[in-house]
Amino acid sequence: VLQSPGVSMKNQALDGPKQRMKVFVTRRLPPEGQKLLSKSDLDVQQWDSDDVIPKEELLKGIEGADGLLCLLTDTIDKEVVDAAGPKLKVISTLSVGFDHLALDEIKQRGIKVGSMQHLSTDVTAELAVTLLLTTCRRVPEAMEEVRNGGWKTWSPMWLCGYGLSDSTVGVMGLGRIGLGIAQRLKPFGVKRFLYTGIPPCLKSVEELKAELVSTEKLAEESDFVLVSCPLTPETAGLCNKDFFQRMKKTAVFINTSRGPVVNQEDLYQALVTGQIAAAGLDVTTPEPIPTDHPLLTLKNCVILPHIGSATHGARNAMSVLAVNNLLKGLAGEVMPGGIEL
């Protein structure tokens, strides 16, 4: 269903014969962003659904558009950019990552891109810590034992997990989110932080006394491994059989970045054979993960449906930023969430 929610009669009268710029929006937006969009003078066409837009509808809807507001579930490849035509000036994505965008094609055509890079840091870091604590203390398994009558009495070693005090935490990708995770874990008494990737703030790294190490050393020495790196050709499949074999048998693995960073078949084998203790995933390949996937049969694997930024405040703020990126970009102004291509 295509709709144009943001066109008032007053705007039409003021514009007169002047042709308004067309934008295509691939999903319903959170309320605050939708409200802002409805006040614009743009010719807004929108996929009026909470479901992913079919490719054929995307190709049809984007034709002749000046701007596009999309989600991480939309693959904006050469075919889509070609379908838009030469008028396309701005792509605003309601996501932190932009691996779903064909950046080379977009750059060649001089199209501006805006994302959420600076916005969802805190809530995503909070979720990563939540997932870590939930996984390492076996919370879902414990809740199930209460429900199914497995809780008979107190037992010294029943449902024992792993604590953070005096531990070594390895963060793969100490960017804004990775740094946010580490800062939140420090009060738990973490003894040592290891990291890979280039940190955004050396002062913060010094405060954490974080050590830059190789991926191999991080795997070997960490009690808890948290993945927060972006998906790139270099990081795709980075966490594989070799990586898991280097980890401690008592180690817990957490991924809140992108599913393809992890080889899920290798992760399954590491979990089922006891090569590592447990894993928590907020991202999978594919998404949603099939309900018959082997990982879902394991008690030592906690899987969430990609809810890293899922708070009311964060999602509304993200939608407002996405719309502002679109409006500023079309006006030839600096986008608040613009990225360098």
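The structure displayed is predicted, hence computed values, not measured ones.

## Some details on the packing of aromatic side chains
Think of a pair of aromatic rings as described by two things: how far the centres are apart, and how the planes are tilted against each other in angle. Scanning all chains against the criterion turns up three aromatic pairs. Their ring planes at 85° and their centres at 5.8 Å tell us that Phe-243 and Phe-244 sit as a pair that is edge-to-face. Overall, the relative accessible area of 3% leaves Phe-243 in the buried class. Ring centres 6.3 Å apart and planes at 70° place the aromatic pair Phe-243 and Phe-253 in the edge-to-face group. A residue pair is termed long-range when its members are at least 10 positions apart, and Phe-243 in helix H11 (residues 241-246) and Phe-253 in strand S11 (residues 252-255) qualify at ten residues.

## Overview of helix H13 (residues 312-330)
Under the 1.5 Å per step criterion, the end-to-end length of H13 is 27 Å for 19 residues, consistent within 8% with the ideal 27 Å. In this fold, the buried residues of H13 make contact with strand S2 (22-25), helix H2 (31-38), strand S4 (67-70), strand S5 (90-93), strand S6 (112-114) and helix H6 (121-136). Directly beyond the C-terminal end of H13, a positive phi value near 75° is found at Gly-332.

## Regarding the domain arrangement of the protein
As assigned here, the protein comprises domain 1 (22-116 + 313-339) and domain 2 (120-303). Averaged C-alpha coordinates put domain 1 and domain 2 at centres separated by 32 Å. Carbon and sulfur atoms supply 55% of the area buried between domain 1 and domain 2, which totals about 470 Å² over both sides. If you sort the residues of domain 1 by the area they bury against domain 2, Val-96, Asp-99 and Ala-314 come out on top, with a joint share of 65%. Our count for the domain 1 to domain 2 interface comes out at one salt bridge. Between Asp-99 and Arg-258 there is a salt bridge, with its nearest N and O atoms 3.1 Å apart.

## Some points on a nonpolar patch on the surface
On the surface, a cluster of nonpolar side chains totalling about 340 Å² of accessible area is made up of Val-146, Trp-151 and Trp-158. Mapping Trp-151 onto the fold places it in the loop between helix H7 (139-148) and strand S7 (168-172).

## Remarks on the pattern of salt bridges
Inspection of the entire model under this criterion finds 19 salt bridges. In this structure, the salt-bridge partner of Arg-138 is Glu-141, at a minimum N-O distance of 2.9 Å. Arg-138 gets classed as partly exposed once you look at its relative accessible area, which sits at 27%. On the basis of relative accessibility, which here comes to 17%, the residue Glu-141 falls in the buried class.

## Looking at the layout of surface pockets
What the second largest pocket holds in volume is close to 200 Å³. Forming the boundary of the second largest pocket are Pro-140, Glu-141, Glu-144, Glu-145, Asn-148, Leu-296, Leu-298, Lys-299, Cys-301, Val-302 and Ile-303. Going through the elements one at a time, H7 and strand S13 (301-303) are the ones with two or more residues in the lining of the second largest pocket. Considering every element that reaches the lining of the second largest pocket, the biggest residue donor is H7, with five residues. For the lining of the second largest pocket, a count of residues per class yields six nonpolar, one polar and four charged.

What counts, and at which threshold
- Residues numbered from 1 in each chain as written.
- Predicted model: local features only at pLDDT ≥ 70, side-chain atom pairs only at ≥ 80, totals over all residues.
- Heavy atoms only, no water.
- Phe/Tyr/Trp six-rings, centres within 6.5 Å; stacked < 30°, edge-to-face > 60°.
- Buried < 20%, exposed > 50% of the residue type's maximum accessible area, 1.4 Å probe, protein only.
- Helix = DSSP H or I, 4+ residues; strand = E, 2+ residues; numbered from the N terminus.
- Expected span 1.5 Å × (residues − 1).
- Contact = heavy atoms within 4.5 Å.
- Domains from an automatic or database assignment.
- Buried area = accessible area lost by both parts, 1.4 Å probe.
- Salt bridge = Lys/Arg side-chain N within 4 Å of Asp/Glu carboxyl O.
- Patch = residues over 30% accessible without salt bridge, like charges linked within 9 Å, V, L, I, M, F, W, Y side chains within 5 Å.
- Areas by Shrake-Rupley, 256 points an atom, 1.4 Å probe, with all protein chains shown as cover.
- 1 Å grid on protein atoms, 1.4 Å probe; cavity = no way out; pocket = protein on both sides within 12 Å on 5 of 7 lines; lining within 4 Å.
- Points joined across faces, edges and corners; volume = space filled by probe spheres on them.
- Nonpolar A, V, L, I, M, F, W, Y, C, P; charged D, E, K, R; others polar.

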